[in-house]
Amino acid sequence: MPLPIEPAAGKVILVTGANRGIGLATARELRKRGAKVVAGVRKPERMPAIEGVTVLPLDAASAESCRAFVERAEKEQGRIDGLVNNAAILIDGETPALALAEEDLRRAIEVNLIGPFRLCQLVLPGMLKRGYGRIVNISSVLGAIGEMGGGFASYRMTKLALNGLTRLLSAEAGRESNVKINSIHPGWVKTDMGGAGANREPAEAARDIADLVSIAANGPSGGFFYQGEPAEW
Ligand SMILES: NC(=O)c1ccc[n+]([C@@H]2O[C@H](COP(=O)([O-])OP(=O)(O)OC[C@H]3O[C@@H](n4cnc5c(N)ncnc54)[C@H](OP(=O)(O)O)[C@@H]3O)[C@@H](O)[C@H]2O)c1
């Protein structure tokens, strides 16, 4: 059964790491649907211009930058309806866990886990108070426990933990809440991270992400999805 979706038109939605890859395609898709998109990017001057998209500086690895980003977005837009935690790094390639440098693991945790965690902590209180909010954490099948193989050690661990964060926050928001937090696997996508050999276009992943951040009040929370269907954790 397809996920129940509401129009994104007029919704204020933050997209992190929106200057290239899946984040850029998601900003474009949400803008096309009439959302008020706020793009959080490390270097605003590198963000391709998209009519109607507000661009604000964001380094997900910095607590101060995350705080300033959310504060400014809230002040300028009046509220935050949605958050797409897209920014992430894959620095260890196929490095096995036994060869992983602690420093690389720390860097990956900082951007891929603590970044989304910080942003959730910053936006969720307002969402819970207003009784509306949608958060989509961009995870990966590489972090699925059932699919856990070797290599990509820091990346896998951070995406596994990110899925845990999705469940945790969703449980804390409560079943009856109209604040919904979900994870998504975008597929293997042609981006700098996914490489040219990938089998999905950024625009295809972006449509799935835009749908999930527009989930209706009777839609799921605390789920993990791939192409609109529940995925294995
Ligand atoms: N591509 C795939 O096949 C695939 C598969 C599964 C999951 N994913 C997930 O999908 C999401 C997007 O991936 P992608 O393929 O589009 O990756 P990408 O092409 O490497 O783009 C990553 C984006 O994240 C931003 N970013 C990195 N560190 C940041 C930080 N500290 N603060 C703010 N922004 C930061 C980058 O900005 P800069 O330009 O400044 O570096 C860039 O805009 C990620 O969460 C990734 O793990 C991708």
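Residues numbered from 1 in each chain as written. Predicted model: local features only at pLDDT ≥ 70, side-chain atom pairs only at ≥ 80, totals over all residues.

Visitor: Lay out the site of the ligand in plain terms, naming residues and giving numbers.
Guide: Inspection of the region around the ligand gives 29 residues, with Gly17, Gly21, Ala88, Thr191 and Gly194 positioned closest. At 3 residues, helix α1 (residues 21-32) tops the list of elements feeding residues into the shell around the ligand. Taken together, the residues of the shell around the ligand sort by class into 14 nonpolar, 10 polar and 5 charged. (Near = placed C-beta within 6 Å. Helix = DSSP H or I, 4+ residues; strand = E, 2+ residues; numbered from the N terminus. Nonpolar A, V, L, I, M, F, W, Y, C, P; charged D, E, K, R; others polar.)

Visitor: Which residues make up the packing of helix α2 (residues 63-77) against helix α3 (residues 102-130), and what values do they have?
Guide: Look at α2 against α3: their axes get within 10 Å of each other, and the N-to-C directions meet at 30 degrees. Seen from above, α2 lies across α3 with right-handed handedness. Of the residues in α3, those touching α2 at Ala63, Cys66, Arg67, Val70 and Glu74 are Gly115, Arg118, Leu119, Leu122, Val123 and Gly126. Its residues assigned to classes, the contact of α2 with α3 shows 6 nonpolar, 2 polar and 3 charged. (Axes fitted to C-alpha atoms, helices over the stretch in contact; angles between N-to-C directions. Left-handed = near helix turned anticlockwise from the far one by under 90°. Contact = placed C-beta atoms within 7 Å.)

Visitor: Residue-level account of the environment of Leu30, with values.
Guide: Tracing the backbone shows Leu30 in helix α1. In this structure Leu30 touches Ala8, Ile13, Ala35, Val37 and Ala210, once residues within four positions along its chain are discounted.

Visitor: So what about the nonpolar core? Which residues, and what values?
Guide: Most often, soluble globular proteins have nonpolar side chains that are buried together. Counting residues in each nonpolar core, the largest one holds 63 residues, and the members touching the most others are Ile13, Val37, Ala39, Val84 and Ile209. If you tally residues by element for this core, the top one is α3, at 9 residues. When neighbours within four sequence positions are excluded, Val37 is seen to be in contact with Ile13, Val15, Ala27, Leu30, Arg31 and Val53. (Core = buried A, V, L, I, M, F, W, Y, C linked by C-beta atoms within 7 Å. Buried ≥ 20, exposed ≤ 12 C-beta atoms within 10 Å, placed from the backbone.)

Visitor: Please give an account of the pairing of strand β4 (residues 82-85) that cites residues and values.
Guide: Looking along a regular strand, one sees the side chains alternate between the two faces of the sheet. Residues of β4 alternate between two faces, with Gly82 and Val84 on one and Leu83 and Asn85 on the opposite face, all of them buried. Note: strand β1 (residues 12-16) against β4, 3 bridges, orientation parallel. Residue Val15 lies in a different strand from β4, and its bridge partner there is Val84. Across 4 bridges, the pairing between β4 and strand β5 (residues 133-138) is parallel. Bridge pairing in β5 places Val84 opposite Val136. Regarding topology, α3 serves as the crossover connection from β4 to the parallel β5, and that connection is right-handed. (Pairing = 2+ DSSP bridges. Right-handed = clockwise from strand over helix to strand, strands pointing away.)

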